[in-house]
Amino acid sequence: MRLNTGKVTFSIIGAGARSTNYVKALEERYKDNFEIVAIAEPIKAKRDYFVQKYNIPSENVFSDYREFNKRERLSDVVIIGTLDDMHFEPAISALEKGYDLILEKPISMNLKETVVVGDVASKYPNQMVAVCHVLRHSPFFVKVKELCDSKELGNIVDIQHTEYIGYYHFAHSYVRGNWRNTDIAAPISVAKTCHDFDLLLYLLGNDVHCEYVSSMGELTFFNSKNYDEKKMAKNCRNCSKEAECPYSAIKIYTEEMITAVVFDKSTAERFLANIDELGYGRCVFACDNNVPDHQVTIMQFSNGIHATFNMTAFSPSIYREIRIMCEYGEIHGNEETSEIEVIEFGGKRRTIKVPKGTSGHNGADAEFITNFMESYLYKKPFDSAIQDSIESHVVAFAAEDSRKENGKNIHIPTYWKDELEK
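Residues numbered from 1 in each chain as written. Predicted model: local features only at pLDDT ≥ 70, side-chain atom pairs only at ≥ 80, totals over all residues. Heavy atoms only, no water.

**Student:** Explain the overall build of the protein chain to me, please; I cannot follow it from the model alone.
**Tutor:** Per the secondary structure count, the protein chain includes 16 helices and 15 strands. The C-alpha atoms of the protein chain give 22 Å as radius of gyration, which agrees with the globular expectation for 422 residues (22 Å, within 12%). The dimensions of the protein chain, computed from C-alpha atoms along their principal axes, are 65 × 65 × 45 Å. Expressed as a percentage of the 422 residues in the protein chain, the buried residues total 57%. Expressed as a percentage of contacts within the protein chain between residues at least 6 apart in sequence, the contacts between residues at least 24 apart total 72%. Just so you have it, the protein chain exposes about 18700 Å², and 49% of that area is on carbon and sulfur atoms. Both charge centroids of the protein chain, one from 49 positive and one from 62 negative side chains, sit 3 Å from each other. (Helix = DSSP H or I, 4+ residues; strand = E, 2+ residues; numbered from the N terminus. Rg over C-alpha atoms; globule rule 2.2 N^0.38 Å. Buried < 20%, exposed > 50% of the residue type's maximum accessible area, 1.4 Å probe, protein only. Contact = heavy atoms within 4.5 Å. Areas by Shrake-Rupley, 256 points an atom, 1.4 Å probe, with all protein chains shown as cover. Lys, Arg positive; Asp, Glu negative; His and termini not counted. Charge placed at Lys NZ, Arg CZ, Asp CG, Glu CD.)

**Student:** Teacher, can you tell me more about the packing of helix H6 (residues 139-150) against helix H9 (residues 194-204) here?
**Tutor:** Between two packed helices, the angle of one axis relative to the other and the distance separating the axes together describe the packing. Direction vectors running N to C along H6 and H9 enclose 35°, while the axes themselves pass 9 Å from each other. Residue-level contacts link Phe141, Val142, Val144, Lys145, Cys148 and Asp149 of H6 to Leu199, Tyr202 and Leu203 of H9. Counted by class, the contact of H6 with H9 contains seven nonpolar, no polar and two charged residues. (Axes fitted to C-alpha atoms, helices over the stretch in contact; angles between N-to-C directions. Nonpolar A, V, L, I, M, F, W, Y, C, P; charged D, E, K, R; others polar.)

**Student:** Got a minute to help me understand the sheet that holds strand S15 (residues 410-411) in this structure?
**Tutor:** Hydrogen bonds between backbone atoms are what pair the strands of a sheet, whose relative direction is either parallel or antiparallel. Taken in spatial order, the nine strands line up as S14-S13-S12-S11-S7-S10-S9-S8-S15 in an open sheet, and their pairing is mixed. Each edge of the open sheet carries a strand with a single partner, namely strand S14 (349-353) and S15. Examined bridge by bridge, strand S8 (residues 210-218) and strand S9 (residues 294-301) share eight bridges and lie antiparallel to one another. For Tyr212, the partnering residue across the bridge sits in S9 and is Gln300. (Pairing = 2+ DSSP bridges.)

**Student:** When you look at unusual backbone geometry in this model, what are you seeing that I'm missing?
**Tutor:** Residue Pro106 follows Lys105 across a cis peptide bond; omega there is 0°. Relative to the helices and strands, Pro106 resides in the loop between strand S5 (100-103) and helix H5 (111-122). Non-glycine residue Lys151 carries a positive phi angle of around 55°. Look at Lys151 and you get partly exposed, because its relative accessible area is 49%. The phi angle at Ser338 is positive, at roughly 60°, despite the residue not being glycine. Examined against the element boundaries, Ser338 turns out to sit in the loop between strand S12 (329-334) and strand S13 (339-344).

**Student:** Would you explain the side chain of Asn235 in this entry?
**Tutor:** Tracing the sequence through the fold places Asn235 in the loop between S8 and helix H10 (249-252). When residues no more than four places from it in sequence are discounted, the contact partners of Asn235 are Asp276, Gly281 and Cys283.

**Student:** Explain the nonpolar core to me, please; I cannot follow it from the model alone.
**Tutor:** It is characteristic of soluble globular proteins that their nonpolar side chains tend to be buried jointly. Phe68, Leu101, Phe170, Met299, Phe301, Ile324 and Ile340 are the most contacted members of the largest nonpolar core, which totals 96 residues. Counting 31 residues, the second-largest nonpolar core is a separate cluster that includes Phe10, Ile12, Tyr22 and Ala25. (Core = buried A, V, L, I, M, F, W, Y, C linked by side-chain atoms within 4.5 Å.)

**Student:** Just checking my understanding: could you explain the pairing of S12 for this structure?
**Tutor:** For a regular strand, side-chain orientation follows a simple rule: the groups alternate between the two sheet faces. The buried fraction of S12 amounts to six of the six residues, a majority that puts the element mostly inside the structure. Residue alternation in S12 divides its side chains into two sets, Gly329, Ile331 and Gly333 and Glu330, His332 and Asn334, and both sets are buried. Pairing geometry for strand S11 (residues 319-326) and S12, over six bridges, is antiparallel. What sits directly across from Cys326, in S12, is Gly329. Two successive antiparallel strands, S11 and S12, enclose a turn made up of two residues.

**Student:** Which parts of the structure should I look at to understand helix H1 (residues 17-29)?
**Tutor:** Over its 13 residues, H1 runs 18 Å from end to end, which matches the ideal 18 Å to within 8%, given 1.5 Å per residue. Those residues of H1 not exposed but buried are Ser19, Thr20, Tyr22, Val23, Ala25 and Leu26. On its buried face, H1 sits against strand S1 (8-13), strand S2 (34-40), helix H2 (44-54), strand S4 (77-80), S5 and helix H14 (364-378). (Expected span 1.5 Å × (residues − 1).)

**Student:** Explain the pairing of S13 here, please?
**Tutor:** Strand direction decides the pairing type here: S12 and S13, joined by six bridges, are antiparallel. Bridge assignment links Asn334 to a residue of S13, and that residue is Glu339. Here S12 hands over to S13 after four residues, with Ser338 in that stretch at a positive phi of 60°. Pairing analysis gives five bridges linking S13 to S14, with the strands arranged antiparallel.

And the structure:
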């Protein structure tokens, strides 16, 4: 239920890149319809950026989300964009206080808590919980789904899908950064590629469910085996191999990169000045990371559909590519070129060019916010509510457990039931 204010009011818990992208989309598309009234963020520079830009009153500024949780409801909506291990507690608190939520994925760090958030949300059917599975809103993948749903090439039989994380992005986030180690973040299958598991379920439709998962992957390259103490240093600034190393922090952290991945230009100078203190100047072969740098997952869905999903750190850029094999043809989508090729067996082929978006995830972030606001303001259908996202989280957790057991074949309904009973 909206508070009695003229605009949709927002509180932000965690003012990192994800929350920033959503607020930028609000500014671009709903400038006269929203207001930021509260913020909880531990990093002063990020906190001050929002306080000054949106004139947030001092009594609504917090350095810890726990302090925010102690207050009565301050806004219509809360955006939870904290690190992975700080989603569960503020999500439950917000639901119980009556907030509508924009909840960054993963929903939580483990399956049991993920399902608990879904169960609590179901107790408040009049509150929106929008999980940020933004690929459901990507203009590119929306077009792919339209082609699938049209059945112009018959039914889907098989899918090959790849996420190219990008060597520099992987080094930043999953070797040096916040998602490098499962002691402090969810497994990469949950923290990152639950996007892709959710995308596959979205493309196949609500009547199709994942039945079996088998996954294999390793941390092959970014480890101490590739660290040569005679020729390398544990810090890029002091390394004799820096000039020839593509993973050099000095090469990777240009202003453009900092703006795109770290926060915004207001913190670029601070980030570069403190790169070693923050841990981003470390050699990629001398970090405490433990997540796989490549992983392949095989899925069996109902209706006899199969899919293979490949995640890799080893690509020059960041994009996704998908091949959907149907009874009478193939759909091939390349997110980098923004082209979808439709090939009929023994017949025509055509290429569809989808305009690229300017917001994050190739325009998906802005479309996600648009879908949220249109649903919130005008009761239009919403495409990534929490109940739509639970199954993809289950598949993601199962993929990690399968990977740790050398590709064990996991029956999803049994796994789901057994994990919740532990």
